[in-house]
Amino acid sequence: MYKFLCKHKLAIEKMNYYEWARYMEKVNDDSVLDHLLTKIEISTQRSNLSIYRHILYDEFESKNCFYCGKMLKENAIHVDHFIPWSFIKDDQLWNFVLACPNCNESKRASFRVSFI
């Protein structure tokens, strides 16, 4: 445990400061603060990706699962972040692929890119 704490000391300190600042935003008077951390957290919340399904399926003619290559069924198509949301907290079309439910649900924020 000691080695872990020493190795990750800086990250732990930053998380501590961040949580302390969030707490201070909650307890202080609204007229004094801009609630910057709350605004940042709200701006990085995940949005509904279903609006991109039509664009990827029809416009880009992506009819197969990006991961396994199987033909997608129109009633069971997931829009997936190729680079996981946990790495890039942004919903941009360049990072979306269509996936079958099985592949998307088994992926779960794992970084599947292999660099050659």
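Note that the coordinates shown come from a computational prediction; the quantities given were computed from them, not determined experimentally.

Thresholds, definitions, all that
- Residues numbered from 1 in each chain as written.
- Predicted model: local features only at pLDDT ≥ 70, side-chain atom pairs only at ≥ 80, totals over all residues.
- Heavy atoms only, no water.
- Helix = DSSP H or I, 4+ residues; strand = E, 2+ residues; numbered from the N terminus.
- Buried < 20%, exposed > 50% of the residue type's maximum accessible area, 1.4 Å probe, protein only.
- Contact = heavy atoms within 4.5 Å.
- Areas by Shrake-Rupley, 256 points an atom, 1.4 Å probe, with all protein chains shown as cover.
- Polar contact = N/O pair within 3.5 Å; in protein donor to acceptor, adjacent residues only side chain to side chain.
- Disulfide = S-S within 2.5 Å.

Caption draft 1: The arrangement of the overall build of the protein in detail. Check the secondary structure of the protein and you find five helices and two strands. Mapped in sequence order, the helices and strands of the protein form the string α-α-α-α-β-β-α. For the protein, with 116 residues in total, the buried portion stands at 22%. Long-range pairs, those at least 24 residues apart, make up 50% of the contacts in the protein between residues at least 6 apart in sequence. As displayed, the protein offers around 9,200 Å² of accessible surface, 57% of which is attributable to carbon and sulfur atoms.

Caption draft 2: A look at the side chain of N95. Summarising the element assignment, N95 is placed in the loop between β1 (78–81) and β2 (96–99). At a separation of 2.7 Å, a polar atom in the side chain of N95 contacts the main-chain amide nitrogen of I83. Beyond its immediate stretch of four places on either side in the chain, N95 contacts D80, H81, F82 and I83.

Caption draft 3: Expanded view of the state of the cysteines. Applying the stated criterion across every chain yields a total of zero disulfides. Free cysteine C103: the closest other cysteine sulfur is in C100, separated by 3.5 Å. The exposure class assigned to C103 is buried, which follows from its relative accessible area of 11%.

Caption draft 4: Spatial organisation of the side chain of D80. Relative to the helices and strands, D80 is located in strand β1. What makes D80 buried here is its relative accessible area of 8%. Every residue in contact with D80, bar those within four places of it in the chain, is listed here: Y67, N95, F96, V97, A99, N104 and K107.

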